[in-house]
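# Tertiary structure, described
In case you want the letters, here they are:
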Amino acid sequence: LDRGRFLSLYPESSANDKQTSLYLSQLAEKYNCTPGAVALNWIMKLPVSSSPVLGTTNPSRIKSLVKAKEFEITHDEWYSLWVLALGRRLP
């Protein structure tokens, strides 16, 4: 999850990172999960074969990320996250 780039904000975090973090939090509230689970769900919807690797050994964090398989963000939500994180629209 990019070392928590959108989950643990710092004063030096970019405006894009802050907007992406806010949107992840809004989606997490909608899907009753954590922002990390939303980010993981986003990764699992990439149109390529990928195998996300969790960088935590914390059992409660792992349990919260497993929820990523219990819902599916919409195509519009997926695209919005991509654009927010990138900082520009795609062609």
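One can find the structure itself at the top, above this paragraph.
One structure accompanies this document, and this report is about it. (Residues numbered from 1 in each chain as written. Predicted model: local features only at pLDDT ≥ 70, side-chain atom pairs only at ≥ 80, totals over all residues. Heavy atoms only, no water.)

### Comments concerning the overall build of the protein
The number of helices and strands found in the protein is four helices and zero strands. Helices and strands appear in the protein in the N-to-C order α-α-α-α. In terms of C-alpha radius of gyration, the protein reaches 13 Å, essentially the compact-globule figure of 12 Å for 91 residues. Reported as C-alpha extents along the three principal axes, the dimensions of the protein are approximately 35 × 30 × 25 Å. Here the protein holds 91 residues, and the buried ones make up 32% of them. (Helix = DSSP H or I, 4+ residues; strand = E, 2+ residues; numbered from the N terminus. Rg over C-alpha atoms; globule rule 2.2 N^0.38 Å. Buried < 20%, exposed > 50% of the residue type's maximum accessible area, 1.4 Å probe, protein only.)

### Overview of the pattern of salt bridges
Within this structure, the stated rule accounts for two salt bridges. As a salt-bridge pair, Glu77 and Lys30 come within 2.6 Å of each other at their nearest N and O atoms. One end of the pair, Glu77, is in helix H4 (residues 75-86); the other, Lys30, is in helix H1 (residues 15-31), with 47 residues separating them in the sequence. A relative accessible area of 51% means that Lys30 is categorised as exposed. In this structure, the salt-bridge partner of Lys45 is Glu72, at a minimum N-O distance of 3.2 Å. Here Lys45, found in the loop between helix H2 (35-44) and helix H3 (59-66), pairs with Glu72, found in the loop between H3 and H4; they are 27 residues apart in sequence, far enough to count as distant. (Salt bridge = Lys/Arg side-chain N within 4 Å of Asp/Glu carboxyl O.)

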